[in-house]
Amino acid sequence: MSPSQRSGISPFFVMEVMKAAARRQELVGDVLHLEVGQPSTPAPAAALAAAASAMSGDRLGYTEATGLPSLRERIARLYTDRHGIDVDAGRVVVTVGASGGFTLAMLACFDAGDRVAMTEPGYAAYRNIMMALGLEVVPIPVGAATGFNPTVDHVRSALPLSGLVIASPSNPTGTVIGGELMASLTAFCREQGIRVVSDEIYHRITFGAEEVSALDYEAEAVVVQSFSKYQSMTGWRVGWLVAPDDLVAPIERLAQNLFISAPAISQHAALGSFDAVAELDDHVARYRVNRDLVVEGLKGMGFDRLAPADGAFYVWADVGDLGIDSQILCRRWLEETGVAVTPGIDFDPASGGRFVRFSYSESTADIAEAVRRLERWMASGR
Ligand SMILES: Cc1ncc(COP(=O)(O)O)c(C=O)c1O
């Protein structure tokens with residue numbers, strides 16, 4: 001007997017960086033974490049208060065597979081408030097993070113063997129989940145020429161396709177798909193019968209860029225969302241999908257069988273987080289300051305080929321001119337400066353050796369110190 005072939009997917013290499021960073025923290029104690037893909041803050045106070053109140057007053061059993069009706073209603077209202085569009089609460093499904101939501105969406109939309117495209121660089125787990133589900137992942141290599149975004153020409157050259165996964169703002173590039181591009185991508189996909197799955201998990205973490213949802217243009221799109229990033233609730237494992245009417249029952253059947261429901265306590269906390277806008281917007285203001293420090297710092301060091309860092313909390317930098325593979329570079333930066341960053345290989349198996357991802361979600365003091373250490377390292381002649 002042997003493990004299934006489908007489980008032979010790539011590991012998440014960033015975990016290796018995190019392990020090495022933890023080891024150095026134990027031995028030397030000076031690590032600055034620019035490798036982590038999560039907020040450095042806990043859940044907002046209003047979410048914690050809602051969780052505490054649910055713990056004392058609620059049974060916290062299973063919820064409906066689609067989530068607490070009050071939470072679904074509140075999420076639906078977001079689309080009216082933020083986007084001026086009407087989303088019926090019946091189209092919202094509360095999920096175990098975006099990760100659980102993405103898995104449900106893929107299972108509900110596609111059959112094994114279907115061709116589904118995603119950008120390279122792109123979020124590694126999506127590629128790996130799709131491969132484990134038996135989908136054919138069609139990479140769309142994107143680069144500086146299109147601001148690291150996919151275009152209609154890219155999608156056309158990847159045909160035939162059953163699906164297209166997009167993410168805005170993107171991990172690892174931080175780039176944002178604006179209204180004009182979203183309109184053209186969704187229109188082309190509609191014409192070709194391609195299902196758009198839009199990861200909008202970094203919405204609200206943008207720095208002046210136009211923030212549109214795929215739903216603004218395409219009611220047949222499936223939106224994947226989460227409380228992990230803007231709401232700073234990664235460990236609570238709660239997110240949501242917005243799906244067209246005819247996909248809700250299939251998603252519900254899958255959710256009943258795969259997960260039963262998202263954790264009840266997390267759903268109560270998530271509901272509370274809607275009252276935390278000021279606290280959460282303070283985090284975004286800090287991300288913006290940190291983003292500027294990293295971008296300016298890197299440019300000063302001569303790394304001027306950066307993806308437009310318009311959202312999320314990442315800078316995707318081309319470090320190819322150093323002539324050092326990014327996995328080796330990241331190991332050396334950790335060993336020689338205590339700065340942990342992520343090599344590009346997770347996100348782009350083809351060209352990731354030239355790129356690194358800087359995450360700037362930690363404190364501004366830590367980010368400023370990391371930039372200083374890398375500046376010294378660069379100035380020391382390596
Ligand atoms: C683009 C993107 N989508 C999805 C996820 C998974 O998020 P969740 O914690 O909601 O499962 C992440 C996490 O880093 C991400 O960066």
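Residues numbered from 1 in each chain as written. Predicted model: local features only at pLDDT ≥ 70, side-chain atom pairs only at ≥ 80, totals over all residues.

Looking only at helices and strands, one finds 12 helices and 12 strands in the protein chain. Taking 2.2 N^0.38 as the reference for a compact globule, 382 residues should give roughly 21 Å; the C-alpha atoms of the protein chain span a radius of gyration of 21 Å, in line with that estimate. Structurally, the protein chain occupies a C-alpha span of about 60 × 55 × 55 Å along its principal axes. For the protein chain, the proportion of its 382 residues judged to be buried stands at 49%. Across the protein chain, every contact between residues at least 6 apart in sequence was considered, and the portion connecting residues at least 24 apart equals 74%. (Helix = DSSP H or I, 4+ residues; strand = E, 2+ residues; numbered from the N terminus. Rg over C-alpha atoms; globule rule 2.2 N^0.38 Å. Buried ≥ 20, exposed ≤ 12 C-beta atoms within 10 Å, placed from the backbone. Contact = placed C-beta atoms within 7 Å.)

Moving on to the packing of helix α2 (residues 45-57) against helix α9 (residues 264-273). Between α2 and α9, the shortest axis-to-axis distance is 7 Å and the interhelical angle comes to 140°. The angle between α2 and α9 places the two elements in the oblique class. α2 and α9 meet at a crossing whose hand is right-handed. Taking contact as the criterion, the partners of A46, A47, L48, A49, A50, A51, A54 and M55 in α2 are, on α9, I265, H268, A269, A270, L271, G272 and S273. When grouped by side-chain class, the residues that make up the contact of α2 with α9 number 12 nonpolar, 3 polar and no charged. (Axes fitted to C-alpha atoms, helices over the stretch in contact; angles between N-to-C directions. Parallel < 35°, antiparallel > 145°, perpendicular 65-115°, else oblique. Left-handed = near helix turned anticlockwise from the far one by under 90°. Nonpolar A, V, L, I, M, F, W, Y, C, P; charged D, E, K, R; others polar.)

The end-to-end C-alpha distance of α2 is 18 Å, a good match for the 18 Å that 13 residues give at a rise of 1.5 Å each. Those residues of α2 not exposed but buried are A46, A47, A50 and A51. Down the axis of α2, the buried side of the element spans an arc of 140°, and every buried residue falls inside it. For α2, the exposed residues set more than 90 degrees away from the buried face come down to M55 and S56. Against α9 lie the buried residues of α2. (Expected span 1.5 Å × (residues − 1). Arc of directions from axis to C-beta.)

As a further point, take unusual backbone geometry. Leaving glycine aside, a negative phi is the common case for residues, and trans is the common case for peptide bonds. The step from L159 to P160 runs through a cis peptide bond, and the omega angle for that step is 0°. One can find P160 in the loop between α6 (152-157) and β5 (163-167). A cis amide bond, omega -10°, links S168 with the succeeding residue P169. By secondary structure assignment, the location of P169 is in the loop between β5 and α7 (179-192). Not every positive phi belongs to a glycine, and R237 is a case in point at roughly 55°.

A separate point is the sheet that holds strand β3 (residues 115-120). An order of β2-β8-β7-β6-β5-β3-β4 is seen for the 7 strands of this open sheet, with the pairing classed as mixed. If you trace the sheet from one side to the other, it starts and ends with β2 (92-95) and β4 (136-141), each paired once. In this sheet, neighbouring strand axes are inclined to one another by 20° on average, regardless of whether the strands run parallel or antiparallel. Note that strand β7 (residues 222-226) and strand β8 (residues 239-242) share 4 bridges and pair antiparallel. (Pairing = 2+ DSSP bridges.)

Looking now at the environment of C109. Examined against the element boundaries, C109 turns out to sit in helix α4 (residues 97-109). Note: C-alpha distance between C109 and G272 (163 residues apart in sequence) is 31 Å. Residues in contact with C109, not counting those within four places in the same chain, are G163, R195, V197 and V222.

Moving on: the site of the ligand. Taken together, the neighbourhood of the ligand is formed by 13 residues, with G97, A98, S99, N171 and S226 sitting nearest. Ranked by the residues each element gives to the shell around the ligand, the list is headed by α4, at 3 residues. Residue composition of the shell around the ligand, grouped by class: 4 nonpolar, 8 polar and 1 charged. (Near = placed C-beta within 6 Å.)

All right, on to the domain arrangement of the protein chain then. Structurally, the protein chain comprises domain 1 (5-42 + 278-379) and domain 2 (45-275). The centre of domain 1, based on its C-alpha atoms, is set 25 Å off from the matching centre of domain 2. Contributions of two or more residues to the side of domain 1 that touches domain 2 are made by α10 (277-300), β9 (314-318) and β12 (355-359). Ranked by residues supplied to the side of domain 1 that touches domain 2, first place goes to α10 with 7 residues. Its residues assigned to classes, the side of domain 1 that touches domain 2 shows 18 nonpolar, 9 polar and 9 charged. (Domains from an automatic or database assignment.)

Here the focus is the pairing of β2. Neither face of β2 is open: one carries V92 and V94, the other V93 and T95, and all of them are buried. By the bridge criterion, 4 bridges tie β2 to β8 in an arrangement that is antiparallel. Considered in β8, the bridge of V94 is made with W240.

A few words now on the packing of α10 against helix α12 (residues 364-379). Geometrically, a packed helix pair is captured by the angle between its two axes and the distance between the axes. Where α10 meets α12, the closest approach of the two axes is 9 Å, and the angle between their N-to-C directions is 5°. In terms of axis orientation, α10 runs roughly parallel to α12. Mapping the contact onto sequence places R286, V289, N290, L293, V294, G297 and G300 in α10 and T364, I367, A368, V371 and E375 in α12. Taken together, the residues of the contact of α10 with α12 break down into 6 nonpolar, 4 polar and 2 charged.

What follows deals with the nonpolar core. Residues A105, V222, L241 and V315 are the most contacted members of the largest nonpolar core, which totals 114 residues. By residue number, the principal contributor to this core is α4, which donates 7 residues. Of the residues that make up this core, three or more belong to each of domain 1 (5-42 + 278-379) and domain 2 (45-275). Ignoring sequence-local partners within four residues, the contact set of A105 consists of V197, V222, V224 and L241. (Core = buried A, V, L, I, M, F, W, Y, C linked by C-beta atoms within 7 Å.)

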